[in-house]
Amino acid sequence: MKNLLQRIPNSSGKQLILLLAVWMLIQIAVGFTLGIRPNLESLKYIREANNLLETGSFSAPRFIFYGFTTFVIAIGFKIGVGFPFVVALQLLWNLAALICWFFALSKTEKTKGAAFITALVLMFCIPYQTWNFYLYTESFFYSNTLLFFAACIHFQKRLTTSGIILQLFVLAFAIVSRPLGILLLPCWLLYIMIQIQSKRGRALFTIALATGGGISLFIINTILSTISDWSVLRPFAEGHVICDMPGNKTLDLGGISKGAPLIQLCTYLLNYPGHFIILASERIFAFFFLIRSYYSNAHNFFLIFMSLILYIPLIPQLVKRKMHDPTFYLSFVITIFFATTIAFQCDDYHNRFYLTLVPMLLHVGLFRAINSTKPIK
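Just so you know, these numbers come straight off a predicted model, no measurement behind them. (Residues numbered from 1 in each chain as written. Predicted model: local features only at pLDDT ≥ 70, side-chain atom pairs only at ≥ 80, totals over all residues. Heavy atoms only, no water.)

> Account for the overall build of the protein chain, naming residues and giving values.
Scanning the protein chain from terminus to terminus reveals 19 helices and 0 strands. For 377 residues, the compact-globule estimate of 2.2 N^0.38 gives 21 Å, and the protein chain sits close to it at 21 Å. For the protein chain, buried positions account for 51% of its 377 residues. When contacts within the protein chain are restricted to residue pairs at least 6 apart in sequence, long-range pairs at least 24 apart make up 73% of them. When the accessible surface of the protein chain is split by element, carbon and sulfur atoms take 70% of a total near 18300 Å². (Helix = DSSP H or I, 4+ residues; strand = E, 2+ residues; numbered from the N terminus. Rg over C-alpha atoms; globule rule 2.2 N^0.38 Å. Buried < 20%, exposed > 50% of the residue type's maximum accessible area, 1.4 Å probe, protein only. Contact = heavy atoms within 4.5 Å. Areas by Shrake-Rupley, 256 points an atom, 1.4 Å probe, with all protein chains shown as cover.)

> Hey, could you go over the packing of helix α10 (residues 184-195) against helix α17 (residues 326-344) for me, with residue numbers and the actual values?
Relative to each other, α10 and α17 sit at 155°, their axes nearing to 9 Å. Taken together, the axis directions place α10 and α17 in an arrangement best described as roughly antiparallel. Seen from above, α10 lies across α17 with right-handed handedness. Facing α10, whose interface residues are Leu184, Pro186, Cys187, Trp188, Leu190, Tyr191, Ile194 and Gln195, α17 presents Pro326, Thr327, Tyr329, Leu330, Val333, Ile334, Phe337 and Phe338. Here the residues of the contact of α10 with α17 sort into 14 nonpolar, 2 polar and no charged. (Axes fitted to C-alpha atoms, helices over the stretch in contact; angles between N-to-C directions. Parallel < 35°, antiparallel > 145°, perpendicular 65-115°, else oblique. Left-handed = near helix turned anticlockwise from the far one by under 90°. Nonpolar A, V, L, I, M, F, W, Y, C, P; charged D, E, K, R; others polar.)

> Can you explain the side chain of His240? Please cite residues and give values.
Looking at where His240 falls in the secondary structure, it is placed in the loop between α12 (234-237) and α13 (261-271). Given a relative accessible area of 0%, His240 falls into the buried group. Reaching out from His240, the side chain makes a polar contact with the backbone nitrogen of Asp244 at a distance of 3.3 Å. Contact partners of His240, with chain neighbours within four places excluded, come to Trp230, Arg234, Pro235, Met245, Pro246, Gly247, Leu279, Arg283, Gln345 and Cys346. (Polar contact = N/O pair within 3.5 Å; in protein donor to acceptor, adjacent residues only side chain to side chain.)

> Would you mind going over the nonpolar core in detail, with residue names and values included?
The biggest cluster of nonpolar side chains holds 100 residues, and the ones touching the most others in it are Trp101, Phe148, Trp188, Ile334 and Phe338. It is helix α8 (residues 138-154) that provides the largest number of residues to this core, a total of 11 residues. Discounting chain neighbours no more than four positions away, the residues touching Phe338 are Phe141, Leu180, Leu183, Leu184, Phe287, Phe353, Thr356 and Leu357. Judged by nonpolar contacts, the second largest core, of 15 residues, contains Leu224, Tyr268, Ala280 and Ala343. (Core = buried A, V, L, I, M, F, W, Y, C linked by side-chain atoms within 4.5 Å.)

> So what's going on with helix α6 (residues 114-123)? Residues and values would help.
Within α6, 7 of the 10 residues are buried, which leaves it mostly tucked inside the rest of the structure. Turning to α6, its buried residues are Ala114, Ala115, Phe116, Thr118, Ala119, Leu122 and Met123.

> Break down the packing of helix α4 (residues 67-78) against helix α5 (residues 82-108) for me, citing the residues and quoting the values.
Helix-helix packing is described using two parameters, namely the angle between the two axes and the distance between the axes. At a minimum axis distance of 8 Å, the contact between α4 and α5 shows a crossing angle of 135°. By the angle between their axes, α4 is oblique relative to α5. When you trace α4 past α5, the crossing you get is right-handed. Residues Phe68, Val72, Ile73, Ile75, Gly76 and Phe77 of α4 lie in contact with α5, whose contacting residues are Gly82, Phe83, Phe85, Val86, Leu89 and Trp93. Counted by class, the contact of α4 with α5 contains 10 nonpolar, 2 polar and no charged residues.

> An account of the pattern of salt bridges is requested, with residue identities and associated values reported.
Scanning the entire structure with this criterion turns up 10 salt bridges. Put simply, Glu138 and Arg352 hold a salt bridge, and the shortest N to O gap is 3.2 Å. Of the two residues, Glu138 sits in helix α8 while Arg352 sits in helix α18 (residues 352-355), which places them 214 residues apart along the sequence. With a shortest N-O distance of 2.9 Å, Lys249 and Glu282 are connected by a salt bridge. With Lys249 in the loop between α12 and α13 and Glu282 in helix α14 (residues 273-289), the pair connects residues that are 33 residues apart, well separated along the chain. The exposure class of Lys249 is partly exposed, given its relative accessible area of 25%. Given the relative accessible area of 31%, Glu282 is considered partly exposed. Each of the salt bridges in this network shares a partner with another, and the network as a whole consists of Glu41, Glu138, Arg178, Asp348 and Arg352. (Salt bridge = Lys/Arg side-chain N within 4 Å of Asp/Glu carboxyl O.)

> Before we move on, can you summarise the environment of Tyr66 with the specific residues and values?
For Tyr66, the position within the fold is in the loop between α3 (42-55) and α4. Exposure remark for Tyr66: the relative accessible area of 7% places this residue in the buried category. Ignoring anything within four residues of it in the chain, the contact list for Tyr66 reads Tyr45, Thr137, Val176, Ser177, Arg178 and Pro179.

> Tell me about unusual backbone geometry, residues and numbers included.
The phi angle at Leu40 is positive, at roughly 50°, despite the residue not being glycine. Looking at where Leu40 falls in the secondary structure, it is placed in the loop between α2 (10-34) and α3. Positive phi outside glycine occurs at Leu290, with the angle close to 70°. With respect to the secondary-structure elements, Leu290 resides in the loop between α14 and α15 (297-311).

> Kindly report on the environment of His154, identifying the contributing residues and their values.
Here His154 shows up in helix α8. Setting aside chain neighbours within four positions, we find His154 in contact with Ala104 and Lys107.

Printed below as a string of structure tokens:
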């Protein structure tokens, strides 16, 4: 550790120590408030971990895409340390991802403190941090996505073979952390293609992009086909804006509920475009503006405050005419993919899907806003 700190510039070293101290205080406060939460959705992954230990395989193909958390829980059971081991590893993974992201930002900063302030804001995003104490898939998914994004930032100016391999490696971790991770694959291929200058290279990656999109659709269809308590048309039939919360825009879709899930979805869109547009608009609003009627006023106020931090610095970046770097487009495309997915299904009760995007929105908004001020001398 001493040798590592000696390689870090003095200002970055001090910032890192301060970030570590703040991170520890926040995790202690959140952990003391919540404790370890092996309940609700966690039970699904706990059962699957037991099944993995007993049979050596997953009970259904879709659990491969929850495999990271399931595997860690299984290890905890196998070595006899249980749930505290899982939470401890989630915390360490969260910290490692945050540090990697901080160093990636530091490498591209032009204004002292831009990386530090951006990393600090992510730490104080308490909804993001609380998932470290649940045995859901979110903690590892957020951390693996953050590691993936940090790797993309690190190599955005000079893409190398080792950089591509590293990005692909952490991308694979994100994909097996939660099914939403598969949305990152075509986005990443597009990010790579933007950086390739040769026509031959672009042609090859165009093929790869089409292939990646096809693989993503196949995996999504497989996942949707093997969920016993969910169907792709249920959110539309029951008028869901928030998942599992039926609304008043119900529809009888029994006549088109046969065949592959994506075929059912296409049939619905062709037959009921107006119904889709209304529900999709409400879901997009819920996704981007976060507030919920069942939250307290204090909680909603915090979410509004967090939204302002994310969106106000982002607006000038969106209207700038000068060319943006590849990670700007990567963040933009990932956000569009996530929002589109929400429009076609439903939003989460606790904004879990949106929280994945918070580091990316901070990077293209707050970080760039600070970075565009007085340069380092």
